[in-house]
Amino acid sequence: RARTAPAGLGSTFTTWLLKEEIGGRVDGELAIVLSSVALACKQIASRVQRAPVAGDTGLAGDVNVQGEDQKKLDVVANEIFCDVLRTSGRTGVIASEEEDVPVAVEETYAGNYVVVFDPLDGSSNLDAAVSTGSIFGVYDSDEQCVPDFDAEDDAAVEEKCIANVCQARPLHLHSHRGNNLQAAGYCMYSSSTMLVLTVGDGVYMFTLDASIGEFVMSHERVRIPERGRIYSFNEGNAKARSISHCEGLKRYADDLRAGGIDQNGKPYSARYIGSLVGDFHRTLLYGGIYGYPGDAKNPNGKLRLLYECAPMSFIAEQAGGMGSTGTGRVMDVEPSEVHQRVPFYVGSAKEVQYLESFLA
Ligand code: P6P
């Protein structure tokens, strides 16, 4: 097929996906998966916007595999993602921050893609109506992930598949290094609801126009500024930072106060929302650096490689920025387990390189 140009500003996400498929940049199955993700994000946006009046704030009463108190909307967002991905018929396995182990989509509906996601990142901010978001990554299929049990009936098959696949054959992660991502993105629920994604050919942003219920392209081929004077770390953790990086990070923070790369230039501004999607989105548009280093409690940091750091790094790199563990590229890290954490520094290329020079 001729490589037609992508759809332009003002086009809807549906039109853009169609043009990407016609242009050969997205295959039909992936287009269906991404369309399902966009549907999930619209549903979650609606629930987040109304949470205080719908009684959706507060805790669900359970603790997830991360040991974090689940918010009511964590559970709702996870169910929405799982449902739309299962019924898309194009997903073999889904891995969620809210699921202890990867969930197999039973064979009748199973497709070829592995989708990983954090259904509602930053949900601790919900009760204060601060930005939150859903983060997702789509990997090519791993044939081991699609179970092939004889179907007695759907319910039994579903039960058995999920039990067996997740216990007997956990998600084969070797192929799920960031480099293998076919698509990655997030939806930010903030003053605007914005779907931001890449399929490996630049970063596009779509703003939800509630009057028509469609995501409309508002930014195309986004490029992150090469430099940026915004530094986004939780300084409250500074004291507890892991010994391995502690000295280097302290010298780095002192150096930024003296103007950073420019030395004796304007000092940096600190901006920290405590919600990765909000801090990342601002960094992507304004430049700067977001970081979550290791600390005494979590030597490898708090953020999860598979469904937070790798997808965000893919987007950053596609926009000309960098995603680093402090000593290497996030996209090169081979996961060893689904909820693995890594120290994470992401943003303007020059700012991330400068930080790495203190950690070398
Ligand atoms: P802290 C939210 O819980 C999250 O996973 C990210 O969205 C956010 O950047 C980070 O944790 C905030 O963690 O320790 O600074 O409150």
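Residues numbered from 1 in each chain as written. Predicted model: local features only at pLDDT ≥ 70, side-chain atom pairs only at ≥ 80, totals over all residues. Heavy atoms only, no water.

- The protein appears in an unreviewed UniProt entry as fructose-bisphosphatase from Micromonas pusilla.
- According to UniProt, the comment filed for the protein under the heading Cofactor (unreviewed entry) is "Mg(2+)".
- The heading Subunit (unreviewed entry) in the UniProt record of the protein holds the text "Homotetramer." (UniProt positions renumbered as here; feature names shortened; annotations may be inferred.)

1. Some points on the overall build of the protein
Alright, step 1. Along its length, the protein carries eight helices and 15 strands.
Alright, step 2. Counting across all 360 residues of the protein, residues that qualify as buried make up 54%.
Alright, step 3. Of the contacts made within the protein by residues no fewer than 6 positions apart, 65% connect residues no fewer than 24 positions apart.
Alright, step 4. Split by element, the accessible area of the protein, about 14,500 Å² in all, is 50% carbon and sulfur. (Helix = DSSP H or I, 4+ residues; strand = E, 2+ residues; numbered from the N terminus. Buried < 20%, exposed > 50% of the residue type's maximum accessible area, 1.4 Å probe, protein only. Contact = heavy atoms within 4.5 Å. Areas by Shrake-Rupley, 256 points an atom, 1.4 Å probe, with all protein chains shown as cover.)

2. Some thoughts on the packing of helix H6 (residues 276-286) against helix H7 (residues 305-318)
Alright, step 1. Interaxial distance between H6 and H7 falls to 12 Å at its minimum, and their mutual angle equals 15°. Between H6 and H7, the crossing angle belongs to the class labelled roughly parallel. The interaxial crossing formed by H6 with H7 has right-handed handedness. Contacts from Leu276, Val277, Phe280 and Leu284 of H6 reach H7 at Glu308, Met312, Ile315 and Ala316. (Axes fitted to C-alpha atoms, helices over the stretch in contact; angles between N-to-C directions. Parallel < 35°, antiparallel > 145°, perpendicular 65-115°, else oblique. Left-handed = near helix turned anticlockwise from the far one by under 90°.)

3. Observations concerning the environment of threonine 4
Alright, step 1. Along the chain, threonine 4 turns up in the segment before helix H1 (13-22).
Alright, step 2. A sequence separation of 24 residues divides threonine 4 from glycine 28, and the C-alpha atoms of the two residues are 16 Å apart.
Alright, step 3. Excluding residues within four positions of it along the chain, threonine 4 makes contact with Lys19, Ile22, Gly23 and Arg25.

4. Let's talk about the environment of serine 88
Alright, step 1. Along the polypeptide, serine 88 turns up in helix H3 (residues 72-88).
Alright, step 2. On a C-alpha basis, the gap between serine 88 and aspartate 118 in space is 18 Å, while along the polypeptide they are 30 residues apart.

5. With respect to the pairing of strand E13 (residues 289-292)
Alright, step 1. Residues Ile289 and Gly291 line one face of E13 and the alternating positions Tyr290 and Tyr292 line the opposite face, and both faces are buried.
Alright, step 2. Pairing of E13 with strand E15 (residues 344-347) involves four bridges; the strand directions are antiparallel. Residue pairing in the sheet places isoleucine 289 in a bridge with glycine 347 of E15. (Pairing = 2+ DSSP bridges.)

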